[in-house]
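If you want the building blocks of each chain, they are given just below.
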Amino acid sequence: MILLGLAAPFVVLARRCRSERLPAKTPEGQYAADAVRLVDEIQDALKSCPISYEQKTALLRQVRDVPGNVNRAVCKLNRLRRIKKIAKRSEEAAHVLSEIEVMERGIVGELRRTHETLLAVPVTLMKVDVARGERNLDRIIAELGETNCRLNNLAESYREVRAAQPPNYS
């Protein structure tokens, strides 16, 4: 009995972690893996890039947040898709389907834009190294900041839909 009491917190923690794991076979799961690799690539490129300390710091601040935000967005997307399956079976929840589909398209679109922006960073850093220009880098830092904000907003809107969803006790 004592062992069961000690194991309960670990079971709860394991369930939470399981819900945040990415399914390996979804196309959006690849965005999370790519984000981690691209951040490593960007950090390596910044070591030798001749930009100001302030720009490096701003870029690193934005770039470091991207993998976690992408991971959260992909997890929310997968949860949203599970809710969508449940809502399709329930006549009472049919009114939520259109809202779920709009959110699903929004998250997928934002994941694509984030991926494209991350792909552009190493290329821009190489251009900066060659041309010693800094205008494009400022734009990318701002774009990454906006992307992080939009991903967080999409994750928050998921919570609102989840709260509006009637519980399924089947």
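Overview of the structure. (Residues numbered from 1 in each chain as written. Predicted model: local features only at pLDDT ≥ 70, side-chain atom pairs only at ≥ 80, totals over all residues. Heavy atoms only, no water.)

Let us look at the overall build of the protein chain. Looking only at helices and strands, the protein chain has five helices and zero strands in total. In the protein chain, the succession of α and β elements from N to C terminus is α-α-α-α-α. Looking at the protein chain as a whole, 39% of its 170 residues are labelled buried. Within the protein chain, residue pairs in contact and separated by at least 24 positions form 78% of the contacts whose partners lie at least 6 positions apart. (Helix = DSSP H or I, 4+ residues; strand = E, 2+ residues; numbered from the N terminus. Buried < 20%, exposed > 50% of the residue type's maximum accessible area, 1.4 Å probe, protein only. Contact = heavy atoms within 4.5 Å.)

Enumeration over the complete set of coordinates arrives at eight salt bridges. The network of salt bridges with shared partners includes Glu-28, Arg-81, Lys-84 and Glu-104. (Salt bridge = Lys/Arg side-chain N within 4 Å of Asp/Glu carboxyl O.)

Glancing now at helix α3 (residues 53-89). Relative to the 54 Å expected for 37 residues at 1.5 Å per residue, α3 spans 55 Å between its end C-alpha atoms, a close match to the ideal helical length. Val-66 marks where α3 bends most, by close to 30 degrees; the proline Pro-67 follows one to four residues later. (Expected span 1.5 Å × (residues − 1). Bend = angle between axes of the 7 residues up to and from the residue.)

In this section: helix α2 (residues 27-48). Its 22 residues place the ends of α2 33 Å apart at the C-alpha level, agreeing with the 32 Å of an ideal helix rising 1.5 Å per residue. Those residues of α2 that fall on the buried side of the exposure criterion are Glu-28, Gly-29, Tyr-31, Ala-32, Asp-34, Ala-35, Leu-38, Val-39, Ile-42 and Leu-46.

Side chains of Arg-82, Lys-85, Lys-88, Arg-89 and Arg-162 sit close together on the surface and give a patch of like positive charge. When residues in the positive patch are grouped by element, the largest group, four residues, is from α3. (Patch = residues over 30% accessible without salt bridge, like charges linked within 9 Å, V, L, I, M, F, W, Y side chains within 5 Å. Areas by Shrake-Rupley, 256 points an atom, 1.4 Å probe, with all protein chains shown as cover. Lys, Arg positive; Asp, Glu negative; His and termini not counted. Charge placed at Lys NZ, Arg CZ, Asp CG, Glu CD.)

One broad rule of soluble globular proteins: the nonpolar side chains tend to lie buried together. The biggest cluster of nonpolar side chains holds 40 residues, and the ones touching the most others in it are Ile-42, Leu-46, Leu-59, Val-70, Leu-111, Leu-125 and Leu-144. Mapped onto this core, the elements with two or more residues apiece are α2, α3, α4 (97-131) and α5 (135-164). Per-element tally for this core: the top contributor is α3, with 12 residues. Among residues more than four places away in sequence, those in contact with Leu-144 are Leu-59, Gln-62, Val-63, Val-66, Thr-117, Leu-118 and Val-121. (Core = buried A, V, L, I, M, F, W, Y, C linked by side-chain atoms within 4.5 Å.)

What follows is about the packing of α2 against α3. Following both chains from N to C, one finds α2 and α3 inclined at 175 degrees, their axes separated by 9 Å at the closest point. The orientation of α2 relative to α3 falls into the category roughly antiparallel. On α3, the residues that touch Glu-28, Gly-29, Tyr-31, Ala-32, Ala-35, Val-36, Val-39, Ile-42, Gln-43, Leu-46 and Lys-47 of α2 are Lys-56, Leu-59, Leu-60, Val-63, Arg-64, Val-66, Pro-67, Val-70, Val-74, Leu-77 and Arg-81. Broken down by class, the residue content of the contact of α2 with α3 amounts to 15 nonpolar, two polar and five charged. (Axes fitted to C-alpha atoms, helices over the stretch in contact; angles between N-to-C directions. Parallel < 35°, antiparallel > 145°, perpendicular 65-115°, else oblique. Nonpolar A, V, L, I, M, F, W, Y, C, P; charged D, E, K, R; others polar.)

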